[in-house]
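Fold and contact review
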Amino acid sequence: MSETLLFVEDTLQIWALQFMGTVYFLRLLWILHFKAGGDRQAPTGRGTSPRKGILYSWLNVAMPWAMESTRKRAFMYAQFIIFHLGVVSAIGLSFIIPYAAEWLHSLVLVRVLQVSIGLAFAVGVWRIIRRMTHPVMRKISSPDDYFSLILLTVWFFFAFLSVPNNHQDGEGVLMTFFLLTAFFLVYVPFSKISHYLYYPFTRFYLGRTLGHRGVFPLRRTS
Amino acid sequence: MSRNSRSYKAERVIERLTRKVNRQMALSLAACVHCGMCTEACHYVLANPDDPTYAPAYKADRIRRLFKRHMDWTGRVIPWWVKAGSIYTDEELNELMDTVFGKCTNCRRCSINCPMGVDFAVVNRMARGLLVSVGIMPEGVAVVSKDQWEIGNQMGVLKEEYLDTLDWMSEELQQELKDPAAIIPIDKMDCEVVYSINPREVKYDPRTIADAAKIFHIAGENWTMPSEGWDMTNFGLFSGDDDLGGAVARRLYEKVEELRGKKLVISECGHGYRSTRCEGPNWAKYDVPFVMESSVITMLRYIREGRLKVDKSKNTIPVTFHDSCNNARSCGLFEEPRELLSLVVEDFREMYPNRSENYCCTGGGGAMSMSEYTPRRLKSAIVKAEQLKATGAKIVVTSCHNCVDGLTDLIRHYKLDMQVAQLVNLTANALVVEARVAVPVEVPAAVPAVEAALPLHGRRILVVDDEPDILTFFSTVLGDNGASVTQAPDGATCMDLARKEKPDLITLDLSMPGMDGGKIFEALRNDPELAGIPVCIITGKPELRRLIYDRPVPPPEGYLDKPVNDETLLLNVRKILKLV
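Keep in mind that this is a model prediction, so the values were computed, not measured.

What follows is about a negative patch on the surface. Residue and element names in this part refer to chain B. Together, Glu160, Asp164, Asp167, Glu171, Glu172, Asp566 and Glu567 make up a negatively charged patch on the protein surface. Elements that contribute at least two residues to the negative patch include exactly α9 (159-177) and α26 (566-576). Residue contributions to the negative patch peak at 5 residues, all from α9. Examined against the element boundaries, Glu171 turns out to sit in helix α9. Its relative accessible area of 45% is what places Glu171 among the partly exposed residues.

Here it is, written out as structure tokens:
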């Protein structure tokens, strides 16, 4: 393995991670500088509470039956899960290769990662097409939306190819994957991809409010 | 205007935006990933599938772009990359108004369908408030807000009118129950219950006050109604004006405290319940020391405690229930109405989807007061109409006055064979009134119905208005005074009926979808057969008066501004008909 690849796999990633961590920290401070709205009202509804509401809200992502938007569109939920599992796998891969490369001697793990990342790549392509062709998606999309999605999809592609960690036949694929990873880490805090930083907060506040008001957990009959 | 200079109003909006955004709003503005999952949650989208500008994410982006441009670093540095942008002209502010007032009822259905937890309704309300703060709002919102600020209630009901109505309802109750003690107590101190209502009940539907009074009386409740500060509705919720919201809520809370009431019972009104029970304490920064509950819960409690006896066989017509967005999606009030219905009606049919997932009646968020958006509203109402139709019910019950109006309008528009009722009506109808110990009561003998003595006896009047409440109100007042009344909800019907019936008088609204009142008036005057029929213009838009008088036809015989009470209406009609 070349010194350059070693640097890109390790040192560069640490620098990028540090940068991302710093910007995220600043981002958190920015969010926290907004005054949080309070709630003086006595609770409404039955059998729920802010705590239950928050828990329900946080776990919402794992309950496709909870929201009509995911309940009625199973494919949308499935592609969401596949895409995000792919992200987790590709991030995991970026740590496994420099720090636990021997794990990739396991053919099972290699296949699991390849399937996960490969499917996520397919979803990424589908998402790009949807974003470019669906009238609503086109209307609401910004350059950042397109770029972030394309970036991730290309990243999946190189992650998929990098899974075997085979640098004997050339380092181009691995080099590209890790350079993309580093760029990704630096770019994320400025893009929509940083949504996962907000997720716990948005769902916390929505859950707290609607739990206090007896709405969360949602009840329905259908 | 150049991109370097901003109009005064646009400047104020930007300035206030930075002060108004709190953490929850900032997160909702920052967290959207444009996944599009909210799209089909919105009834406007479902009714307009080819128009992406109705998508909640798109509508939110009209506000989000400002936030990003002025408050978020990426948007400040590379605005085009994240579609950030500012606002410079009053025209742009008007475009924003069209979105936040005319394309969203703040029903919150998209909020509960957003995987990220983006609460668009809160953001939309905030944007409404910013526009209102610089005087940009639909005219109806301005009129209603003004009434609530200045007169103390959103329909401009005067104190005398309110007290007269309560007196009238007291008399009706005494006669119905043959009990002199059956009155509506006003400003009684130290009561268990202080009952607050929607001014619409005074203006158009006093029967609901009488029904509630009957329930309180039979339940043996120690209750009262306040002489002032009785309006539990709050246009601040719709206009986004927290100052108005706080002032209105405070007025009510302080009155209850002044009366030393133990509990504030809020009549059936979705936005009133939410504003008074949930949002009011926050807007007014008021720690409310008494209990507040919906009259639905009160009625249910009375039945469970054995204070009311009901017989569901008195309500046999199939009934369905429409969940008000504010009640169900913002206050968790959805099981109690069903429990009450199960006690007072025989045939209840669930509507799907329901509870927190129910669709808006399309009249929410103040939409009923924004007549400029009526065609848009009625188009989106197809979603609700289909929901209603699928139940097979003949009565749709709702615990919200806005929903009553919205549903009535769409039922008429889509020609559904249904009526709208509230729980208080059905509960009062199901009451089993036990015989009381006979107390000699001086009940005024029924006045013989000498129709000829009625002031408008024999007169035929055509009432033209697109608002069903107004049609009902005018028809009732004129009919009760002996007139033979026909109704026309639009211009075409008006012209047909005028030719067929040749009425003695036409009362004509100006702002109506399709053929507006000005055109109808001119058409009437230009038709030799109809030109001689006196016309009384009755409008909520006084500024349109000039447009009527500028027309090259003889002016109308009468002109009244809404809101108009029964006495004024009657007096003017009699004057025009030369009966006084």
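There's more to say after this.
At 3.6 residues per turn, the α-helix brings residues three or four places apart onto the same side. All names here are of chain B. Burial in helix α23 (residues 491-501) covers these residues: Gly491, Cys494, Met495, Leu497 and Ala498. On the buried face of α23, the contacting elements are β9 (460-464), β10 (484-488), β11 (505-508) and α24 (517-526). Its side-chain oxygen placed 3.3 Å from the backbone nitrogen of Ala492, Asp490 serves as the N-cap of α23. Looking one or two places after α23, you find Lys502, whose phi comes out positive at around 45°.

What follows deals with the environment of Pro49 of chain B. By the secondary structure assignment, Pro49 of chain B is in the loop between α3 (43-47) and α4 (56-71). In sequence terms Pro49 of chain B and Thr39 of chain B are 10 residues apart; their C-alpha atoms lie 9.6 Å from each other.

This part takes up the domain arrangement of chain B. All names here are of chain B. Taken domain by domain, chain B holds domain 1 (8-137), domain 2 (148-154 + 172-430) and domain 3 (451-576). The centre of domain 1, based on its C-alpha atoms, is set 30 Å off from the matching centre of domain 2. Contact residues are listed per partner, giving 23 residues for domain 1 and 29 residues for domain 2. A combined buried area of about 2200 Å² lies between domain 1 and domain 2, and 52% of that area is made up of carbon and sulfur atoms. Contact with domain 2 buries surface across domain 1, with His43, Arg109 and Arg125 losing the most and accounting together for 28% of the total.

All names here are of chain B. If you trace the 5 strands from one edge of the open sheet to the other, you get β10-β9-β11-β12-β13, paired in parallel fashion. Pairing within the sheet leaves two strands with one partner each, and these edge strands are β10 and β13 (558-561). Across the sheet, the axes of successive neighbouring strands diverge by a mean angle of 20°, strand direction being ignored. Here 5 bridges tie β9 to β10, and the two strands are oriented parallel to one another. Counted as the bridge partner of Val464 is Ala488 from β10. Contacts between helix α22 (residues 468-480) and the sheet are confined to β9, β10, β11 and β12 (535-539), with β10 contributing the most and set at about 170° to the helix.

What counts, and at which threshold
Residues numbered from 1 in each chain as written. Chains lettered and ligands numbered in written order. Predicted model: local features only at pLDDT ≥ 70, side-chain atom pairs only at ≥ 80, totals over all residues. Heavy atoms only, no water. Patch = residues over 30% accessible without salt bridge, like charges linked within 9 Å, V, L, I, M, F, W, Y side chains within 5 Å. Areas by Shrake-Rupley, 256 points an atom, 1.4 Å probe, with all protein chains shown as cover. Salt bridge = Lys/Arg side-chain N within 4 Å of Asp/Glu carboxyl O. Lys, Arg positive; Asp, Glu negative; His and termini not counted. Charge placed at Lys NZ, Arg CZ, Asp CG, Glu CD. Helix = DSSP H or I, 4+ residues; strand = E, 2+ residues; numbered from the N terminus. Buried < 20%, exposed > 50% of the residue type's maximum accessible area, 1.4 Å probe, protein only. Contact = heavy atoms within 4.5 Å. Polar contact = N/O pair within 3.5 Å; in protein donor to acceptor, adjacent residues only side chain to side chain. Domains from an automatic or database assignment. Buried area = accessible area lost by both parts, 1.4 Å probe. Pairing = 2+ DSSP bridges. Axes fitted to C-alpha atoms, helices over the stretch in contact; angles between N-to-C directions.

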